[in-house]
Amino acid sequence: MENNEKAVETGDFIREAIKEDLKNGRYRYVRTRFPPEPNGWLHIGHCKAISIDFSHAQEFGGTTNLRMDDTNPAKEDISYVQAIERDIRWLGYQWDNEFFASDYYEYFYDLAVKIIKKGNAYVDDLNDEQIREYRGTAASDKNNITLTPPGRDSPYRTRSVEENLDLFARMRAGEFSDGAKTLRAKIDMAHPNLVMRDPVMYRIKRETHYRVGDSWCIYPMYDFAHPLSDAKEGITHSLCSLEFEIHRPLYDWFIREAEVFPSRQIEFARLNLSYTVLSKRWLFQLVKENRVSGWDDPRMPTLAGLRRRGYTPHAIRDFMSRIGVAKTDSMVDIALLEYCLREDLNKKALRVMVAQKPLKLIIENWEEGKFEELEAVNNPEDPSAGTRKVQFGRELWIEEDDFQENPPPKYHRLFVGNRVRLRYGYIVSCTGFEKDSNGKISAVRCTYDPTTRGGNAADNSKVKGTIHWVNAATAIPIEIRVYDYLFNVERPMDIAPGGSFLDNLNPDSLSRISNARAEPCLADASVEQKYQFERLGYFIRDTETGEDGKIVFNKTIGLRDSWAKIARAR
């Protein structure tokens, strides 16, 4: 991480809890972990957890483990593991150790046996539906007060320790069919927290695991494996999002009953971002139903999608440091993320000129076949970026919007009789225009003032408009893909009864411009280099090619900064 980044929000409650634990001797060191399940790609919501895990450990001289919580073989795959590793490194973090929950299966099994021997776990023959029925559900009374009537004990709850040990061993041996039996913790079927009503610890599931193959046919549940994995690794502070708060009593129960290292769970508010869905299940649905081109579609909030869109690790980390660590859920305006991105790109992006919707500009008094090299600045924010040569000639491409036959008031670009400055070039005066057979403007004609090279008039007269251009003789064709929010409502997860989050999809989230003209230097653009197309926005080369083999550039974000306007108005 960069030295000028704040490790954590000063005074946040997690930081204070860690300080207190070190002060009172609860722990002598700090060790955190980031424990993704390898069943999808990381998204920006995970970045908050990554930032909190790594930065808090770093501040206190501790370490952070990366652990794949791979206890559900039906959904997990090595490709997801590789994507997770790649994305964390791209963000700028490096874990101290990497572990897999699947390496702990024997350890989990031994601890389950230990809990059975203590009389605190039993093999149950109820199926999933019956378990839910016996557990009961929360309900509201007439005063809207939530009540949790006691559940009912399973008829198999009183099995002896010896019988439970025998049945659990036979579950492992594969004697029973999938779903025929489960191992459940024996806690309290009248507990007000439904999570504590004899939760399932193991289920029978014959699925080939991507790492251990078919060596196991029983798999531990997340609530059982999670605290025991933390304990095995000596995790001091198990930092997780707020939805796990009601699971904390169970987390502590398993640690206590297994008599293992006493890791401490602390919850924080997860990231909610406007115009964005961060449910992995919903993101998977978008991919599966081809609503997007894949997990790395530039409209997706996955790190791969953001990277392909042109986001930078620094911008994302800056965003995370600004939103801080809170205990209550809230919605963060995506404009803040975009502000952080613009701030970073403005410093790093190379400037080039591109005519997104090209219109021919003919300089009538420029000699045919004559070309001149002008010097252009690569980045005014970074003198070390240097300059480049751009070729100027009789015929140029300009933006279609930079000419008006009947200009509105305060329009300072090209129209007949008006003067503009051509970026890095000369001042030109519009003399006329041409139309094609359909009545569409096909070319604009002008004359240039030879004394204004560099854009300054010899008589110091003011020219209000400056437009960009590319030389028609050397420009290369490119395809531009312009992205908008994938959803057209601020809270796409708020769904009307009978509706779907898909109802909130933005049908105009992607548009293609296939006829753009660009400076020839973009032919050698790398997929890592960020660019500002002057007056248009920030762009990055895509990994795909467009129609007719054209180079494709994705629009990262426009130049307009809505967050700065919001901040000024406050």
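Everything below is about the structure printed above this text.
Scoring rules and cut-offs
- Residue positions are given per chain, counted from 1 along the sequence in the order it is written.
- Confidence filtering applies because this is a predicted model: local features only for residues at pLDDT of at least 70, side-chain atom pairs given and counted only at 80 or more, and all residues used for totals across whole chains, interfaces and linings.
- The side-chain quantities take in all heavy atoms of the structure and omit both hydrogens and water.
- Only runs of H or I of at least four residues qualify as helices and only runs of E of at least two qualify as strands under DSSP, and these elements are numbered from the N terminus.
- Buried means the residue's accessible area, taken with a 1.4 Å probe over protein chains only, is under 20% of the maximum for its type, while exposed means over 50%, and partly exposed covers the values in between.
- By the convention used here, residues are in contact when the closest approach between their heavy atoms is within 4.5 Å.
- Axis definition: a line fit to C-alpha positions, over the contact stretch in the case of helices; interaxial angles, taken between N-to-C directions, run 0 to 180 degrees.
- Convention used here: angles under 35 degrees read as roughly parallel, angles over 145 as roughly antiparallel, angles from 65 to 115 as roughly perpendicular, and any remaining angle as oblique.
- Residues are sorted three ways: Asp, Glu, Lys and Arg are charged, Ala, Val, Leu, Ile, Met, Phe, Trp, Tyr, Cys and Pro are nonpolar, and all the rest, Gly among them, are polar.
- Cavity means a closed set of points on a 1 Å grid over the protein atoms alone, one where a 1.4 Å probe fits but cannot get out, pocket means an open set with protein on both sides within 12 Å along at least 5 of 7 lines, and lining means a residue has an atom within 4 Å of a point.
- Grid points are joined across faces, edges and corners, and a volume is the space filled by probe spheres set on the points.
- Stacked, tilted and edge-to-face are the three classes assigned to paired rings of Phe, Tyr and Trp, where Trp is represented by its six-membered ring and a pair needs centres within 6.5 Å; plane angles under 30 degrees give stacked, over 60 edge-to-face, the rest tilted.
- Put simply, a charge is over a ring when the Lys NZ or the Arg CZ is close to the ring centre, within 6 Å, and near the line of the ring normal, within 35 degrees.
- For two strands to pair, DSSP has to find at least two bridges joining them.
- A clockwise turn of the near helix away from the far one marks a right-handed crossing, whereas an anticlockwise turn of less than a right angle marks a left-handed crossing.

**As for the side chain of Gln-532**
- Within the fold, Gln-532 resides in strand β27 (residues 530–533).
- Judged by its relative accessible area of 10%, Gln-532 falls in the buried class.
- Once residues within four sequence positions are removed from consideration, Gln-532 is found in contact with Asn-346, Ala-349, Leu-350, Arg-351, Val-352, Gly-537, Tyr-538 and Leu-559.

**Remarks on the packing of helix α4 (residues 105–117) against helix α8 (residues 248–258)**
- As a packed pair, α4 and α8 sit with axes 9 Å apart at the nearest point and diverge in direction by 80°. Between α4 and α8, the crossing angle belongs to the class labelled roughly perpendicular. Residues Leu-111, Lys-114 and Ile-115 of α4 touch α8, and the partners they reach there are Trp-253, Phe-254, Glu-257 and Ala-258.
- Residues that form the contact of α4 with α8 fall into these classes: five nonpolar, no polar and two charged.

**As for empty space enclosed by the protein**
- Tallied over the entire structure, the rule returns two cavities of 30 Å³ or more.
- As for the second largest cavity, its lining consists of Tyr-222, Asp-223, His-226, Pro-227, Phe-244, His-247, Tyr-251 and Gln-265.
- A total of four residues in the lining of the second largest cavity trace back to one element, the largest contributor, which is helix α7 (residues 222–232).
- Each residue belonging to the lining of the second largest cavity can be placed in one class, and the counts come to four nonpolar, three polar and one charged.

**Remarks on the packing of aromatic side chains**
- Evaluated as defined, the whole model comprises 33 aromatic pairs.
- Here Phe-403 and Phe-433 contribute two aromatic rings whose centre-to-centre distance is 5.5 Å and whose plane-to-plane angle is 50°, an arrangement assigned as tilted. In this pair, Phe-403 sits in the loop between β19 (395–399) and β20 (419–422) while Phe-433 sits in strand β21 (residues 427–435), placing the two residues 30 residues apart along the sequence.
- Given a relative accessible area of 4%, Phe-403 falls into the buried group.
- Ring pairs connect the aromatic residues Tyr-104, Tyr-105, Tyr-107, Phe-108, Tyr-109, Phe-168, Tyr-202, Trp-216, Tyr-219, Phe-224, Trp-253 and Phe-254, which therefore count as one cluster.
- A cation sits over an aromatic face here: Lys-232 above Tyr-107, 4.6 Å from the ring centre.
- The ring of Trp-397 is capped by Lys-360, whose NZ or CZ atom sits 4.8 Å from the centre of that ring.

**Some points on the sheet that holds β20**
- Taken in spatial order, the seven strands make up an open sheet running β23-β20-β21-β22-β16-β19-β24, and their pairing is mixed. At either end of the open sheet lies a strand with only one pairing partner, and these are β23 (466–467) and β24 (470–471).

**Some details on the packing of α4 against helix α6 (residues 161–173)**
- Between α4 and α6, whose axes approach to 9 Å, the crossing angle comes to 160°. By the angle class used here, α4 and α6 are roughly antiparallel. The element α4 and its partner α6 pack so that their crossing is right-handed. Of α6, the residues touching α4 (which contributes Glu-106, Tyr-109, Ala-112, Val-113, Ile-116 and Lys-117) are Val-161, Asn-164, Leu-165, Phe-168, Ala-169 and Arg-172.
- Class assignment for the residues of the contact of α4 with α6 results in eight nonpolar, one polar and three charged.

**Points about the pairing of strand β28 (residues 537–545)**
- When β27 meets β28, the two strands line up antiparallel, connected through four bridges. Across the sheet, the residue bridging to Phe-533 is Gly-537, located in β28.
- As consecutive antiparallel partners, β27 and β28 are separated by three residues, and within that stretch Arg-535 has a phi angle of approximately 70°, a positive value.
- In the sheet, β28 pairs with strand β29 (residues 551–557) via five bridges, with the strands oriented antiparallel. Looking at β29, one finds that Arg-541 is bridged to Phe-553.
- Linking β28 back to β29 in an antiparallel pair, the connection comprises five residues, with Asp-548 at a positive phi of about 60°.

**Looking at unusual backbone geometry**
- Positive phi outside glycine occurs at Tyr-275, with the angle close to 60°.
- Mapped onto the elements of the fold, Tyr-275 is located in the loop between β12 (272–273) and α9 (280–288).
- In this model, Arg-535 sits at a positive phi of 70°, which is unusual for a non-glycine residue.
- Within the secondary structure, Arg-535 sits in the loop between β27 and β28.
- The class for Arg-535 is partly exposed, based on a relative accessible area of 37%.

**Some thoughts on the sheet that holds β29**
- Across the sheet, which stays open at both edges, the seven strands sit in the order β14-β27-β28-β29-β25-β26-β15 with mixed pairing between neighbours. Each edge of the sheet is formed by a strand with only one pairing partner; in this case those strands are β14 (350–352) and β15 (354–355).
- Note that β14 and β27 share three bridges and pair parallel. Residue pairing for β27: Val-352 is matched across the bridge by Phe-533.
- Relative to the sheet, helix α12 (residues 334–348) contacts β14, β27, β28 and β29, its axis offset from that of β29 by approximately 125°.

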